[in-house]
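Residues per chain, in single letters:
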Amino acid sequence: MTHAAGDVVTAGHIHQSKAQFYWVWGALLGLTLVEIMLAYNQVFPPLRMLIVLLILSIIKSALIIGYFMHLKFEAKRMKWFLMVAVCFCLVMMCIFFFDAWRIHTPWFYW
Amino acid sequence: MADAVLIHQAHGEAYEPSWFRTYSKKIGMWLFILSDSLTFGALLFAYSYGRISNPAWPTPFHIESIRNASIMTGFLLTSSLTMVMAVLAASRGDRAWTRNWLLATMGFGAGFVLLHAAEWNKLIDEGLRLPIFQTLFDLKPGTNPEYVAASRNVPQFGGTFFTLTGMHMLHVTIGIVYLGVVALRKIWLPILGLLAIACWWAPGPFHYGFYVLLIGLVIASIVLFLKPMDYSDHDIEVTGLYWHFVDLVWMFIFPLVYLMSTKITH
């Protein structure tokens, strides 16, 4: 169990209990069931369904990143650096969604 | 800066501590995940753009497909739980349970890949094809006219669906090979070789697994023979980061690809 010289080790995951992991796993399964029920019953039209499913997916991904990937327990600067970088790039991609909506909602076109 | 380095060297330290207050392997894996998330982001964007902009976008996933994809999601979520258990066991220094949990993770991952490839096999047999296979669009016994029409009229559907899910399946397969290297080391190589040979005779998309596993076998052999080492708790944690990322990507693919293209008939 040797580590490279100069590495400063944070052992955040050691402070996490098994019970917490089981709770997160249960929450992820529960949210997945909600998604399936929404799609099965076709509760919303496509655009609204996309937004609802995206929100639920973002909550699930936050649970995975925070607890399973231990980012919640990392140094603040690492959390901010990683999350701001990836969110910025993905949001920049999503700007083009306005073009997809414009095609069948002409009033949306500025 | 030079003074700081000299002071560290005087105390026997070769490097300055990381700015992120963690070890270098973990930072490296996070940077890889960052770049890979953009690849999947672009593919998911392409699929979702087509889904919203095209009113004639196919909705070919019936209840059987949704049930299958839900079981696959359960497999991946459970594999993430077994992976964090492996990380916990590794941090306690419990080698036996670390290996057991890693093998359980590999098992759930393999279950996911098998179900997914079987799903692909069924869709291809029923007529859902990539746009490049135009000659295969003829109606034959066993093909579903709905899938043939979808492949012919909206070729973007097959293109984005197979690229996105294929890319993800490739990542899961790489993850299983990676976990095998960490859990079993050189014992993994003959097993991987046998799996590759089994894939050679397998039908449909399973056959292409041969090439993936063969490349995996070559890379795993290079790693295990040129740099044999005892994998530490840090290595297990870094492996876990990769595995959870693969799970994370599926949390977007499942709703955006499958649930947004359902056709439920009550």
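Some points on the interface of chain B and chain A
And then number 1: Listed by partner, the interface residues are 52 residues for chain B and 54 residues for chain A.
And then number 2: Contributions of two or more residues to the side of chain B that touches chain A are made by α2 (24-53), α3 (63-92) and α9 (233-258) of chain B.
And then number 3: At twelve residues, the largest contribution of residues to the side of chain B that touches chain A is made by α2(B).

A short note on unusual backbone geometry
And then number 1: Its identity is not glycine, yet H70(A) carries a phi of approximately 65°, on the positive side.
And then number 2: Here H70(A) shows up in the loop between α2 (46-68) and α3 (76-94).
And then number 3: The phi dihedral of R185(B) is positive, around 50°, even though this residue is not glycine.
And then number 4: Relative to the elements of secondary structure, R185(B) occurs in the loop between α6 (155-184) and α7 (188-200).

Examining the packing of α3(B) against helix α4 (residues 95-125) of chain B
Residues and elements named next belong to chain B.
And then number 1: Two elements in contact, α3 and α4, have axes whose closest approach is 8 Å; the angle formed by their N-to-C orientations is 165°. In terms of orientation, α3 and α4 fall into the roughly antiparallel class. The handedness of the crossing between α3 and α4 is left-handed.
And then number 2: Its residues assigned to classes, the contact of α3 with α4 shows 16 nonpolar, ten polar and one charged.

Description of the nonpolar core
And then number 1: Core analysis: the largest hydrophobic core is formed by 78 residues, its most contacted members being V84(B), A86(B), V249(B), I253(B), L256(B) and V257(B).
And then number 2: The leading source of residues in this core is α9(B), at 16 residues.
And then number 3: Setting aside residues no more than four positions away along its own chain, L256(B) makes contact with L53(A), L44(B), Y47(B) and S48(B).

Scoring rules and cut-offs
Residues numbered from 1 in each chain as written. Chains lettered and ligands numbered in written order. Predicted model: local features only at pLDDT ≥ 70, side-chain atom pairs only at ≥ 80, totals over all residues. Contact = placed C-beta atoms within 7 Å. Helix = DSSP H or I, 4+ residues; strand = E, 2+ residues; numbered from the N terminus. Axes fitted to C-alpha atoms, helices over the stretch in contact; angles between N-to-C directions. Parallel < 35°, antiparallel > 145°, perpendicular 65-115°, else oblique. Left-handed = near helix turned anticlockwise from the far one by under 90°. Nonpolar A, V, L, I, M, F, W, Y, C, P; charged D, E, K, R; others polar. Core = buried A, V, L, I, M, F, W, Y, C linked by C-beta atoms within 7 Å. Buried ≥ 20, exposed ≤ 12 C-beta atoms within 10 Å, placed from the backbone.

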